[in-house]
Number of protein chains: 2
Amino acid sequence: MDTIAWKIKKHQGILVKWLEEEAYERNHSLGNTLENHVIADTERHHYQLIYMGWSGVKFVYGLLFHLDIKPDGKIWIQQNNTEMLIGQELVSRGVQKSDIVIGFRPEYMREGTGYAVA
Amino acid sequence: MDTIAWKIKKHQGILVKWLEEEAYERNHSLGNTLENHVIADTERHHYQLIYMGWSGVKFVYGLLFHLDIKPDGKIWIQQNNTEMLIGQELVSRGVQKSDIVIGFRPEYMREGTGYAVA
């Protein structure tokens, strides 16, 4: 039987591994000049991938992903500024579809998608 | 004598306390409908204050502050999307001016400010 604490730990591991792989790939992609950073607050359960760096004299900063793990163990996708389908990615890494909430969509748009409404 | 490990710990404590106070104040300010969240990755040493929530059917998300503590113990202000003078705030909380870098400004603009260049 899965306890909630176990589920949070499992989801935390999946998120950090995925974000670290994304950061590595982006940092090593051809022509990349920016630094991609994983931010993982494993106490408050906020997880991000951000980038920053210089483009000439201009400082560039942006957020790619922000995900939360809620106290019930569900993963909320709060921001996705890429064309990647994060839900599918997480399912392929072992997260149950019913444990994923597309947080940035209104509830009526979460219905009928197979993902959780809340 | 201050060791670097001690300085990192001290700066971490100051940053988290300040960000938690900022979040509390904003979450309890009159008319606020958004959630302000501290994100503190005390392993990779990234520190943020972000906000999110709903404005009608529109999801609102934004970053207020992003600061890093570098391996030498210095605090780099990477983003400040407020009118607050973070450098002054940190100095008033016990950070040495020479331990603060305004990371989002080009180096030539960091000179002569009293803050560190790098």
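Details of the structure are given in the entry above.
Keep in mind the model is a prediction, meaning the values are calculated, not measured. (Residues numbered from 1 in each chain as written. Chains lettered and ligands numbered in written order. Predicted model: local features only at pLDDT ≥ 70, side-chain atom pairs only at ≥ 80, totals over all residues. Heavy atoms only, no water.)

Chemist: Can you tell me about the overall build of chain A, naming the residues and giving the values?
Modeler: What chain A contains, in helices and strands, is three helices and five strands. In chain A, the succession of helices and strands from N to C terminus is α-β-β-β-β-α-β-α. Taking the principal axes of its C-alpha atoms as reference, chain A extends roughly 50 × 30 × 25 Å. Intrachain contacts of chain A at a sequence separation of at least 6 include 39% that bridge at least 24 residues. Counting only carbon and sulfur atoms, one obtains 54% of the accessible surface of chain A, whose full area is about 6300 Å². Computing the positive centroid from 13 side-chain charges and the negative centroid from 15, chain A places the two 2 Å apart. (Helix = DSSP H or I, 4+ residues; strand = E, 2+ residues; numbered from the N terminus. Contact = heavy atoms within 4.5 Å. Areas by Shrake-Rupley, 256 points an atom, 1.4 Å probe, with all protein chains shown as cover. Lys, Arg positive; Asp, Glu negative; His and termini not counted. Charge placed at Lys NZ, Arg CZ, Asp CG, Glu CD.)

Chemist: Give a detailed account of the relation of the copies chain B and chain A, specifying residues and quantitative values.
Modeler: When chain B is brought onto chain A, the operation consists of a screw motion whose angular component is 180 degrees and whose axial shift is 0.0 Å, with 0.0 Å RMSD remaining. The symmetry that links the two subunits is that of a two-fold axis. By C-alpha distance to the rotation axis, the residue of chain B lying nearest is B:D41, at 2.3 Å. An overlap of 100% is found between the interface residues of chain B and their copies at the interface of chain A, pointing to a shared contact surface. (Least-squares fit on C-alpha atoms with pLDDT ≥ 70 in both.)

Chemist: Can you explain the sheet that holds strand β4 (residues 75-80) of chain B? Please cite residues and give values.
Modeler: Each strand in a sheet pairs with its neighbour through backbone hydrogen bonds, running either in the same direction (parallel) or in the opposite one (antiparallel). Residue and element names in this part refer to chain B. Read across the sheet, five strands follow the order β1-β2-β3-β4-β5 without closing on themselves; strand pairing throughout is mixed. Each edge of the open sheet carries a strand with a single partner, namely β1 (35-41) and β5 (100-102). For this sheet, the mean inter-axis angle between neighbouring strands, taken without regard to orientation, is 20 degrees. Inspection of the sheet shows strand β3 (residues 58-69) paired to β4 by five bridges, in the antiparallel sense. (Pairing = 2+ DSSP bridges. Axes fitted to C-alpha atoms, helices over the stretch in contact; angles between N-to-C directions.)

Chemist: Describe the environment of A:M84, and please don't skip the residues or the numbers.
Modeler: Residue and element names in this part refer to chain A. Locating M84 in the fold gives a position in the loop between β4 (75-80) and α2 (86-92). Given a relative accessible area of 21%, M84 falls into the partly exposed group. Note: C-alpha distance between M84 and W18 (66 residues apart in sequence) is 13 Å. Look past the residues within four positions of M84 in its chain and what remains in contact with it is W18, E22, F65 and E89. (Buried < 20%, exposed > 50% of the residue type's maximum accessible area, 1.4 Å probe, protein only.)

Chemist: Which residues make up helix α1 (residues 4-27) of chain A, and what are the values?
Modeler: Residue and element names in this part refer to chain A. Its 24 residues give α1 an end-to-end C-alpha distance of 34 Å, which sits within 8% of 34 Å, the value for a rise of 1.5 Å per residue. Among the residues making up α1, those that are buried are K7, I8, H11, Q12, I14, L15, V16, W18, L19, E22 and A23. Residues of α1 that are buried in the fold lie against β1 (35-41), β2 (46-55), β3 (58-69), β4 and α2. (Expected span 1.5 Å × (residues − 1).)

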